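Close look at the chain arrangement
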Amino acid sequence: MSWTKEDLQQLVKTKLADRRFIVVSNREPYIHILSGDEIQCIIPASGLTVALDPVMQACGGVWVAYGNGSADREIVDEKNRISVPPDEPCYTLRRVWLTKEEEEGYYLGFSNEALWPLSHIAYTPPNFDENNWDIYKKVNQIFADAVLEEIGDKQAFVFIQDYHLALLSRMIKAKNPQVITAQFWHIPWPNTEAFRICPWGEEILDGLLGNDLLGFHIRYHCDNFLETAKRMLESRVDNERSAISRGGRTTLVRPFPISVDFSRITRDAAEAEVEEEMEEIRRRWQLGDEFIGIGIDRLDYTKGIPHRLNALNKFLAKYPEYRGRIIFFQLGEPSRVHIKKYRELNSEIDDMVEELNWKYQSGAWKPIVYIREHLSPATLLAFNKLAHFCIVSSLHDGMNLVAKEFVSSRTDEDGVLILSRFTGAARELTEALPINPYATDDFAEAIKRAIEMPKEQRQARMKKLRQVVEENNVYRWAGNIISELANLGL
Ligand code: F6P
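Residues numbered from 1 in each chain as written. Predicted model: local features only at pLDDT ≥ 70, side-chain atom pairs only at ≥ 80, totals over all residues. Heavy atoms only, no water.

**A closer look at the site of the ligand**
Around the ligand there are 13 residues in total, and Arg27, Ser46, Tyr107, Asp162 and Arg336 lie nearest to it. Here an oxygen atom of the ligand and a side-chain polar atom of arginine 27 are 2.9 Å apart. Interatomic distance of 3.0 Å between a side-chain N/O atom of tyrosine 163 and an oxygen atom of the ligand. Here the ligand has 370 Å² of accessible area as a free molecule, and 90% of this is covered by the chains. Across the shell around the ligand, the residue classes break down as 6 nonpolar, 3 polar and 4 charged. (Near = heavy atom within 4 Å. Polar contact = N/O pair within 3.5 Å; in protein donor to acceptor, adjacent residues only side chain to side chain. Areas by Shrake-Rupley, 256 points an atom, 1.4 Å probe, with all protein chains shown as cover. Nonpolar A, V, L, I, M, F, W, Y, C, P; charged D, E, K, R; others polar.)

**Structural notes on unusual backbone geometry**
Between valine 84 and the following residue, proline 85, the backbone shows a cis peptide bond with an omega angle of -10 degrees. The residue proline 85 is located in the loop between β5 (81-84) and β6 (91-96) in this model. Although it is not a glycine, serine 242 adopts a positive phi angle of roughly 55 degrees. In this structure, arginine 336 takes a positive phi of about 45 degrees despite not being glycine. (Helix = DSSP H or I, 4+ residues; strand = E, 2+ residues; numbered from the N terminus.)

**Focus: the domain arrangement of the protein**
You'll often see interface size given as the accessible area lost when the parts meet. Looking at the assigned domains, one finds that the protein contains domain 1 (5-259 + 474-486) and domain 2 (262-471). Using only C-alpha atoms to locate each centre, domain 1 and domain 2 end up separated by 29 Å. Counting residues at the interface gives 34 residues for domain 1 and 27 residues for domain 2. Each partner contributes to the roughly 2400 Å² buried at the junction of domain 1 and domain 2, and carbon and sulfur atoms together form 62% of this total. At the surface where domain 1 touches domain 2, the tally comes to 1 salt bridge. Two residues, aspartate 53 and arginine 264, come together in a salt bridge whose shortest N-O distance is 3.8 Å. The interface formed by domain 1 and domain 2 holds 8 residue pairs in polar contact (both at pLDDT 80 or more) in total. (Domains from an automatic or database assignment. Contact = heavy atoms within 4.5 Å. Buried area = accessible area lost by both parts, 1.4 Å probe. Salt bridge = Lys/Arg side-chain N within 4 Å of Asp/Glu carboxyl O.)

**Thoughts on the packing of aromatic side chains**
One pass over the structure, following the stated rule, counts 27 aromatic pairs. Measuring from centroid to centroid gives 5.2 Å for phenylalanine 184 and tryptophan 477, while their planes differ by 90 degrees, and the two rings are edge-to-face. Taken together, the residues phenylalanine 184 in strand β8 (residues 180-184) and tryptophan 477 in helix α18 (residues 474-487) connect sequence positions 293 residues apart. Assigned by exposure class, phenylalanine 184 and tryptophan 477 land together as buried. Through a chain of ring-to-ring contacts, three or more aromatic side chains come together here, namely Tyr106, Phe110, Phe128, Trp133, Tyr136, Phe143 and Trp200. Positioned above the aromatic ring of tryptophan 285 is the side chain of arginine 284, whose terminal nitrogen or guanidinium carbon lies 3.9 Å from the ring centre. (Phe/Tyr/Trp six-rings, centres within 6.5 Å; stacked < 30°, edge-to-face > 60°. Buried < 20%, exposed > 50% of the residue type's maximum accessible area, 1.4 Å probe, protein only. Lys NZ or Arg CZ within 6 Å of the ring centre and 35° of its normal.)

**As for the side chain of arginine 308**
With respect to the element layout, arginine 308 can be found in helix α12 (residues 305-318). Here the side chain of arginine 308 touches aspartate 297 through a polar contact of 2.7 Å, side chain to side chain. For arginine 308, the side chain forms a polar contact with the main-chain oxygen of lysine 303, separated by 3.3 Å. Contacts of arginine 308, omitting those with residues within four sequence positions, involve Gly295, Ile296, Asp297, Lys303, Phe328, Gln330, Ile391, Val392, Ser393 and Phe443.

**Some words on helix α5 (residues 130-151)**
Relative to the 32 Å expected for 22 residues at 1.5 Å per residue, α5 spans 32 Å between its end C-alpha atoms, a close match to the ideal helical length. The opening residue of α5, the one whose side-chain oxygen lies 2.8 Å from the backbone nitrogen of asparagine 131, is aspartate 129. Note on α5: the residue one or two positions beyond its end, glycine 152, has a positive phi of about 60 degrees. (Expected span 1.5 Å × (residues − 1).)

Dropping the structure here:
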């Protein structure tokens, strides 16, 4: 049985009763930007916000996040709040402001140059800078103050997101011990050997153990966390209960595989606007009967985009009969471009696309179309629906919701998903074609297999994939977390 928005609403009503429901994350679900003289609202390319927005729409409450849009300040009230979504407001977005220096030290510096590469096995070394760590602590306190203000004198359940806010629960509880907190870590948790190089590892672990409940996507990351706490911190680790006690209080550690709003995506995919977008894409790129492949990613070195281009190169070299018959659309949303590694990745991809197109192009045909820009949800759905196959080739990924979005959009029960074994999603989406992105020859064979797969097999696989995502949708994810808290006597 799949969970619905209404099921979650009912659960929240009975379990949370009159507690305030507050979500906190770095990234905000709606960003207001200046576009000429106009204020435009955009939805960021973030699996986290895409997953949590429907949960907030179902539960109501307050979402506290960093307001980094160029018009964000212009549109909030005197308490820095705004009702969202813009077309059907049903919850409050409370924006937190940061200076450029704070953004640099906390977001770019510590979160994304230290914790991000530390948590992902992508062979990019973390950069630990003491000044960034100090700013990270300071910014966690800024978020904690905003959350405490939103709680006021009410009872509250605070649901903290991700690695930007590892110290938050302790800071909140230092001022208001009644608050219940759960935190979800959206990226992998590394093994102890990898984690222990962090000079402030103990403080981070201690910060996370301020939570009543700590969630990861998969059991393996929970086990890594339990082991890390056991080896690095004075604490009692109960593997049987998957719980850690420290300083007289206990944190439960649980796997909750995150997902998407399957029914909403399925519904949106059937909209006339998406059909029009598909027409527009066919017209714009003069598509005929070519095989269409897609990759949709934030331009991040963990996503394995160069590895994917290598595999496409190998495929075209080995199977020349497909030259002129396949077009691969790489859609890339620029991300964290103030970090050198990300800028280097951008030029690497530019060079590889240029090289590949130069090598194989013939007449008007080029194998790769690279679109590096922010695209609307309708355009992304149109590409998802047009594709014969979608490639997700992450080197390491907590879950990867692009894979689940592709599946949810395929109301025609067709299309093949090529999915890296190193994503959390690979554990659930077993009817995808699994790949090791480093194994270029096998990867190229998987592309061939996707293209040549008979229709009945494609449909049988897609049908099963859709059942999995429909059943394990984002309402189940949130419902499981809230039910687990309720068992704690919330
Ligand atoms: O899922 C991990 C994550 O870092 C989220 O926290 C974030 O919103 C998303 O990826 C996109 O990254 P960013 O917010 O840095 O653009």
